[in-house]
Amino acid sequence: MDPIDTGSGSILRQPKAVWATACASVVAFMGIGLVDPVLPSIAEGLDATAGQVSLLFTSYFLITALAMLVTGFVSSRIGGRRTLLLGLALVVVFAGFSGTSGSVGELVGFRAGWGLGNALFVSTALAVIVGAAAGGSAAAILLYESALGLGMACGPLLGALLGDASWRYPFFGTATLTAVGFACIAAFLTEQPRPARKTSLLDPVKALGHGGPASTAVSAFFYNYTFFTVPAFTPFALDMSPYRSGAVFFAWGVLLAVFSVIVAPRLQKRFGSLRVLGGSLVLLAVDVLVLGHGGHTAAVACTVLSGALIGVNNTVYTELALGVSDAPRPVASAGYNFVRWFAAAAAPFFAPRIEEWSDVHMPFTVAAVTAVLGALVVLVRRRSLTAEAEELRPRHATEDGVGGFAN
């Protein structure tokens, strides 16, 4: 079998609309890791502390998380295409403004606006790709996760190349690339069918109220705290030049993409999703523990290696979040991403403060503990998760057969 064949078709054989959305998704995810290699430069240029600069992640992810509760409300009223375009337009505006910031407070505020645009785009993009992709939801999720991995690989690389001249240039570069993504969506994506029932503001929260989705969300919260400790705090611990830091996180992102698309499906097929997820979380805990307590060479190697484990986890969590929920896929995606990005906001806020209270090793110890907690939730709730996934599988198979998510 082709390594990127899902069983019902290769993820490479997709309509232009899907490729346009996936390419724009790459650019959107680039914004997450863009600032990794230039965090020390931003701190120096704006006379800010590591804790203040970490708020660039916190404001971005916090607004992204909160906005997930309104993405379905918006897209069910104005349509998926217009929601994507609105999100990308906001990213263009606020990424451009970020490059003009005169203080860390201004930059944090502009990143918050950027997060709003990112939320509108990211949540809707997954639903659009699932709805329009050939090969069902499995192919769509792999394509989405590959876009995530590629974007998070290219973000640090772009940040390093442009940031070597000035920390402002990566923001201007992202605004330009996002404008290209806007043009691709406008040219190739036609309006998607709107759901028969408009989504309310509380629907994503209600989707988390059942056992399966709630268990997945709790486990994902702990995991994503670990995940985002790596890109948000590791650059300060490594203390490398923008080029070297960018190269490390580029390799990290490449492994993330490869393991999301190629390795994770093979492991799931052989061992089952829950075993793969539990094992990968434990390995991730060991990895970040060595990252924080080993020497510099070990820290670099473990940073890169964490990309492989994060890639596996991302794919399994996304499939699990959509597979155990009886809510329409856009609503389930919004609810899951609300929890996911909320944890992403917590990690960069607490990691530098934990260092201030203790030492540089402790944030990674905490991240290792949260990864183990995520694995424990999967272990304790494994029978419930398996039962709910099996019960809902016929429904999801029917939905995929008629073009994706429930309309």
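Residues numbered from 1 in each chain as written. Predicted model: local features only at pLDDT ≥ 70, side-chain atom pairs only at ≥ 80, totals over all residues. Heavy atoms only, no water.

## Focus on the side chain of T226
The following threshold applies: Per the convention used, a helix needs a DSSP run of H or I reaching at least four residues, while a strand needs a run of E reaching at least two, with both numbered from the N terminus. We call two residues contacting when some pair of their heavy atoms lies within 4.5 Å.
Structurally, T226 can be placed in helix α9 (residues 211-238). The contact partners of T226, leaving out residues within four places of it in the chain, are L284, V288, A367, T370 and A371.

## Re the side chain of T64
Going by this rule: The definition of a polar contact used here is a pair of N or O atoms within 3.5 Å, where within protein one atom must be able to donate a hydrogen and the other to accept one, and adjacent residues in sequence count solely through side-chain atom pairs.
Topologically, T64 is positioned in helix α3 (residues 50-78). Among the polar contacts made by the side chain of T64, one reaches the main-chain carbonyl oxygen of G115 at a distance of 3.1 Å. Apart from residues no more than four positions distant in its own chain, T64 is found in contact with G115, N118, A119 and W341.

## A few points about unusual backbone geometry
For D47, which is not a glycine, the phi torsion comes out positive at approximately 50 degrees. Position of D47 among the secondary structure elements: in the loop between α2 (39-45) and α3. Unusually for a residue other than glycine, D239 sits at a positive phi of about 50 degrees. Looking at the secondary structure, you find D239 in the loop between α9 and α10 (242-271).

## Let's talk about the environment of A48
With respect to the element layout, A48 can be found in the loop between α2 and α3. Setting aside residues up to four positions removed in sequence, A48 forms contacts with A43, V53 and V104.

## Digging into the packing of aromatic side chains
Note the cut-off: Here a Phe, Tyr or Trp ring, Trp counted by its six-membered ring, pairs with any other such ring whose centre lies within 6.5 Å, and the pair is stacked when the planes are under 30 degrees apart, edge-to-face when over 60, and tilted otherwise. Buried, partly exposed and exposed residues are distinguished by accessible area as a fraction of the type maximum, computed with a 1.4 Å probe on protein chains only: under 20%, between the cut-offs, and over 50%, respectively. Whether a charge sits over a ring comes down to the Lys NZ or Arg CZ being within 6 Å of the ring centre and within 35 degrees of the ring normal.
As enumerated under the stated definition, the model contains 18 aromatic pairs in all. Pairing F233 with F364 gives two aromatic rings, centres 5.6 Å apart and planes at 55 degrees, and the pair type is tilted. Highlighted residues: F233 in helix α9 and F364 in helix α14 (residues 362-380), separated in sequence by 131 residues. Like F233, the residue F364 is buried in the burial classification. One aromatic cluster is present, built from ring pairs that chain together Y60, F61, W114, W167, F171, Y223, F227, F228, F249, W252, Y317 and W341. Taking the ring centre of F73 as reference, the NZ or CZ of R77 above it sits at 3.7 Å. Seen from the ring of W341, R340 lies directly overhead, with NZ or CZ sitting 5.7 Å from the centre.

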